[in-house]
Amino acid sequence: MRGFPVTPVLRLAFGLALAPLALVGTAHAADQVAVMADACSGCHGTDGHSVGGMPAFSGKKADELKKVLHDFKSGAREATVMDRIAKAYSVEQLDAIADYFASRKK
Amino acid sequence: MTKISRRSFNALVGAAGALSLAGGLSACSSGPRVVVVGGGFGGATAAKYLKRYDPSLDVTLIDAQASHFTCPFSNTVLVGMNDMAYIERKFDKLNTMHGVKVFTDMVTAIDPATKVVKTAGGKTFEYDRLIVSPGIDFKWNAIEGYDEAASNVMPHAWKAGPQTVLLKKQLEAMPNGGLVVIAPPGNPFRCPPGPYERASLIAGYLKKHKPKSKLLILDAKDAFAKDKLFKEGWEKMYDDIIEWVPAAKNGKVTKVNAKDGTVETDFEKFKPAVANIIPPQTAGQIAITAGLADKSGFCPVDPNTFESTLAKNIHVIGDAAIAGDMPKSGYSASSQAKVCAAAIIALFKGEKPLPLSAINTCYSLVAPDYGISVAAVFAVKDGKIASIPNSGGVSPMGANYQFRKKEADFAVGWYQSICQDSWA
Ligand SMILES: Cc1cc2nc3c(=O)[nH]c(=O)nc-3n(C[C@H](O)[C@H](O)[C@H](O)COP(=O)(O)OP(=O)(O)OC[C@H]3O[C@@H](n4cnc5c(N)ncnc54)[C@H](O)[C@@H]3O)c2cc1C
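Residues numbered from 1 in each chain as written. Chains lettered and ligands numbered in written order. Predicted model: local features only at pLDDT ≥ 70, side-chain atom pairs only at ≥ 80, totals over all residues. Heavy atoms only, no water.

1. Brief notes about the overall build of chain B
Secondary structure assignment for chain B yields ten helices and 25 strands. Overall size of chain B, expressed as C-alpha extent along the three principal axes, is 65 × 50 × 45 Å. Buried residues in chain B amount to 59% of all 424 residues. With an accessible surface of roughly 16,500 Å², chain B has 53% of that area assigned to carbon and sulfur atoms. (Helix = DSSP H or I, 4+ residues; strand = E, 2+ residues; numbered from the N terminus. Buried < 20%, exposed > 50% of the residue type's maximum accessible area, 1.4 Å probe, protein only. Areas by Shrake-Rupley, 256 points an atom, 1.4 Å probe, with all protein chains shown as cover.)

Structure representation (structure tokens):
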């Protein structure tokens, strides 16, 4: 539904018609990685679909995301807040988070 | 499908949001029942993520209000940067997109023995597990003379809604040269940097519109969240407007008089044009009524599942919970909600719940183009939620304009994202 300029009523109809699909799209088992990665969505939107000025992950490749996260952790990449956050995770955890978001639907 | 559509459509269109949204996708929810009390950051996120992690669950959300006005960004409303509609969150998408049943009603009683929730509207809801995320309530008369009636004269504006509008009107009506008093409480309280963001934005408003005015922060504490960063910004921008008086210099407000408009510390008496009194707080009343709070006024919980240590099958999240190092913030509430949702699903399956992994990131605006932040990642250590060492912390001191501007922009981006992640 994202990106459709629809009126509220139309949107509602779409919402209902597409809802089972949408659910399949966003559903995910609550495993360890999901719980860790979903904490990121507070800033970056559900599944990394940022709706505002925060960087979105949708459409990003896993390797790209991994590099960015590693560089935040090491300090190689300039940041405002992500350096402080990335330091809390091991490289393996960052990779798992990157794989998770890369595997989510665009 | 047609039938379900019509039902939901009628509920939505006919009621301006005030009726229940019980149709939608809920028809396919045949699994265990989870009832969520409160549709703020904690409750809304919990309801959405329960359905995301297990669409078969039967999830019901009950909020006393037809929509939720967020405290985050309510400080921008006070000074005219945004309007009330900007901070209004509706519950309809939780129903139409995620299949949560939504009811507008006040929960008045919880019976853990029979697992039933009762509402002011006379409804009863049975649950297998209950999530309680009612936010805060106030300790009236902890400051002498500051009761609920007094808050209609000297607003707290610490729950967004009519209180926000009242404080905004008072700021608009005050004369150039008037005094604004903000009185933050001691710890713990909702949103530790909140009073100081508010002071900053109000000082900016005064500087522009009523430059002869002063703003006095009469504090019950000697230190506060991000204090060095706030003071750095104040010195640059509001040196002649803001004065912060710590508890050690008798800043603590001990008495107010709503009739003559005076505010007192142990040593001084003020007559401000606008008095924003933020009283000490407890967990939301329903948590106390249901026996979920200890003598601190907040609710002890298991650090991995948020299940109450005082009542089985009831989970408490958000501001109402005692959550170790996690501050009482919207981000914390929302992050806890996801952990709690996953834990509930594991418990239904008879599995061991996963260990907590949670984040808090809080932005404060010192000015519309000047943002600062604090961040932390949390895990359970020695039975308590603790921030992970050698990470997190606050924005650097002495950063340049571009850096502060970027964080101000991220503050807005954060707000848009978390509202999407919680309610849509
Ligand atoms: C001025 C200010 C600025 C803030 N800024 C930020 C910020 O920038 N970032 C941030 O992360 N946090 C911020 N916060 C903190 C944030 O508002 C809270 O931490 C957050 O709202 C807590 O979520 P919650 O789910 O515990 O409670 P709430 O979000 O308050 O939700 C509680 C809900 O429960 C409902 N309810 C209560 N009792 C009942 C009942 N008996 N029956 C039915 N419904 C009931 C209420 O109507 C309400 O909708 C700010 C707070 C303030 C005051």
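That covers the picture; the talk isn't over yet.
2. Notes on the side chain of B:Thr70
Residues and elements named next belong to chain B. Within the secondary structure, Thr-70 sits in the loop between strand S3 (68-69) and helix H3 (74-78). At a separation of 2.8 Å, a polar atom in the side chain of Thr-70 contacts the main-chain carbonyl oxygen of Pro-72. At a separation of 2.6 Å, a polar atom in the side chain of Thr-70 contacts the side chain of Tyr-415. (Polar contact = N/O pair within 3.5 Å; in protein donor to acceptor, adjacent residues only side chain to side chain.)

3. Digging into the site of the ligand
Residues and elements named next belong to chain B. Near the ligand, the surroundings consist of 36 residues, among which Asp-63, His-68, Ser-133, Arg-190 and Asp-319 are the closest. At a separation of 2.8 Å, an oxygen atom of the ligand approaches a polar side-chain atom of Ser-133. One of the backbone N or O atoms of Lys-328 is found 3.4 Å from an oxygen atom in the ligand. When isolated, the ligand has an accessible area of 990 Å², and the protein chains bury 93% of it. Elements supplying a minimum of two residues to the shell around the ligand: helix H2 (41-53), strand S2 (58-63), H3, helix H9 (330-348) and strand S22 (358-367). Element by element, the count of residues in the shell around the ligand is highest for H9, at three residues. Considering only residue class, the shell around the ligand consists of 17 nonpolar, 13 polar and six charged. When residues of the shell around the ligand are sorted by domain, at least three fall in each of domain 1 (3-137 + 282-353) and domain 2 (144-279). (Near = heavy atom within 4 Å. Nonpolar A, V, L, I, M, F, W, Y, C, P; charged D, E, K, R; others polar. Domains from an automatic or database assignment.)

4. Structural notes on the sheet that holds strand S14 (residues 253-257) of chain B
Residue and element names in this part refer to chain B. The strand order S14-S15-S16 describes an open sheet built from three strands, whose pairing is antiparallel. The sheet terminates laterally at S14 and strand S16 (269-270), the two strands that pair on one side only. Examined bridge by bridge, S14 and strand S15 (residues 262-265) share four bridges and lie antiparallel to one another. For Val-256, the partnering residue across the bridge sits in S15 and is Val-263. (Pairing = 2+ DSSP bridges.)

5. Quick look at the interface of chain A and chain B
Counting from both sides, the interface comprises 46 residues of chain A and, opposite them, 50 residues of chain B. Between chain A and chain B, the buried area comes to about 3,900 Å², and carbon and sulfur atoms account for 65% of it. Taken together, the links from chain A to chain B amount to three salt bridges. Residues A:Asp38 and B:Arg52 are paired through a salt bridge, measuring 3.3 Å at the closest nitrogen-oxygen approach. Every element with two or more residues in the side of chain A that touches chain B is listed here: helix H1 (8-26), helix H2 (32-38), helix H3 (41-44) and helix H5 (82-86) of chain A. (Contact = heavy atoms within 4.5 Å. Buried area = accessible area lost by both parts, 1.4 Å probe. Salt bridge = Lys/Arg side-chain N within 4 Å of Asp/Glu carboxyl O.)

6. Here's the deal with H9(B)
Residues and elements named next belong to chain B. Taking 1.5 Å of rise per residue, the 19 residues of H9 would be expected to cover 27 Å, and the 27 Å separating its terminal C-alpha atoms lies within 8% of that figure. Two or three places before Tyr-331, at the start of H9, stands the capping residue Ser-329, its side-chain oxygen 3.4 Å from that residue's backbone nitrogen. Positive phi appears at Gly-350, one or two residues downstream of H9, with a value of about 75 degrees. (Expected span 1.5 Å × (residues − 1).)

7. Observations regarding helix H10 (residues 401-423) of chain B
The first and last C-alpha atoms of H10(B) sit 33 Å apart over 23 residues, in line with the 33 Å expected at 1.5 Å per residue. By the N-cap criterion, in which a side-chain oxygen at the helix start approaches the backbone nitrogen of a residue two or three places on, H10(B) is capped by B:Asn400, the distance to B:Gln402 being 3.3 Å.

8. Topic: the sheet that holds strand S9 (residues 129-132) of chain B
All names here are of chain B. In spatial order, the strands read S5-S2-S1-S9-S20; together these five strands make up an open sheet with parallel pairing. Where the open sheet ends on each side, the last strands, each with one partner, are strand S5 (101-104) and strand S20 (314-316). Adjacent strand axes in the sheet meet at a mean angle of 20 degrees, parallel and antiparallel pairs treated alike. Of the strand pairs in this sheet, S2 and S5 are connected by four bridges, and their pairing is parallel. Each residue of the ladder has a partner; that of Asp-63, found in S5, is Thr-104. Packing of H2 onto the sheet brings it into contact with strand S1 (33-37), S2 and S9, and relative to S2 it is tilted by some 170 degrees. (Axes fitted to C-alpha atoms, helices over the stretch in contact; angles between N-to-C directions.)

9. Regarding the domain arrangement of chain B
Residue and element names in this part refer to chain B. Segmenting chain B into domains produces domain 1 (3-137 + 282-353) and domain 2 (144-279). Each of domain 1 and domain 2 has a C-alpha centre, and these two points are 31 Å apart. Contacts between the two partners involve 20 residues from domain 1, matched on the other side by 20 residues from domain 2. Taking both partners together, domain 1 and domain 2 bury about 1,600 Å²; carbon and sulfur atoms supply 68% of that area. Where domain 1 touches domain 2, the interface holds two salt bridges. Here Arg-190 makes a salt bridge to Asp-319, at a shortest N to O gap of 2.5 Å.

10. A look at the state of the cysteines
A covalent bond bridging the sulfur atoms of two cysteines is what the word disulfide describes. Residues and elements named next belong to chain A. Inspection of every chain in the model, using the stated rule, returns zero disulfides over all chains. Cys-40 takes part in no disulfide bond, and the closest cysteine sulfur to it belongs to Cys-43, at a distance of 8.8 Å. Look at Cys-40 and you get buried, because its relative accessible area is 13%. (Disulfide = S-S within 2.5 Å.)

11. Here we look at the packing of helix H6 (residues 194-209) of chain B against helix H7 (residues 227-237) of chain B
Residues and elements named next belong to chain B. Packing of H6 against H7 brings their axes to within 11 Å, and their N-to-C directions diverge by 5 degrees. With respect to their mutual orientation, H6 and H7 come out roughly parallel. Only Phe-230, Trp-234 and Met-237 of H7 make contact with H6, whose side of the interface consists of Tyr-196, Glu-197, Ala-199, Ser-200 and Lys-207. Of the residues in the contact of H6 with H7, the class split is five nonpolar, one polar and two charged. (Parallel < 35°, antiparallel > 145°, perpendicular 65-115°, else oblique.)

12. Section: the nonpolar core
All names here are of chain B. Residues Leu-50, Ile-110 and Trp-234 are the most contacted members of the largest nonpolar core, which totals 138 residues. Looking at which element gives the most residues to this core, the answer is H9, with nine residues. Those residues in contact with Trp-234 that lie beyond four places of it in its chain are Tyr-196, Ala-199, Ser-200, Ile-217, Phe-224, Asp-239, Ile-242, Trp-244 and Val-366. Of all hydrophobic cores here, the second largest spans 15 residues; its members include Tyr-146, Leu-216, Val-256 and Val-263. (Core = buried A, V, L, I, M, F, W, Y, C linked by side-chain atoms within 4.5 Å.)

13. Some thoughts on the environment of B:Leu166
Residues and elements named next belong to chain B. By the secondary structure assignment, Leu-166 is in helix H5 (residues 162-173). Overall, the relative accessible area of 25% leaves Leu-166 in the partly exposed class. In contact with Leu-166, other than residues within four places in its own chain, are Ser-151, Asn-152 and Pro-155.

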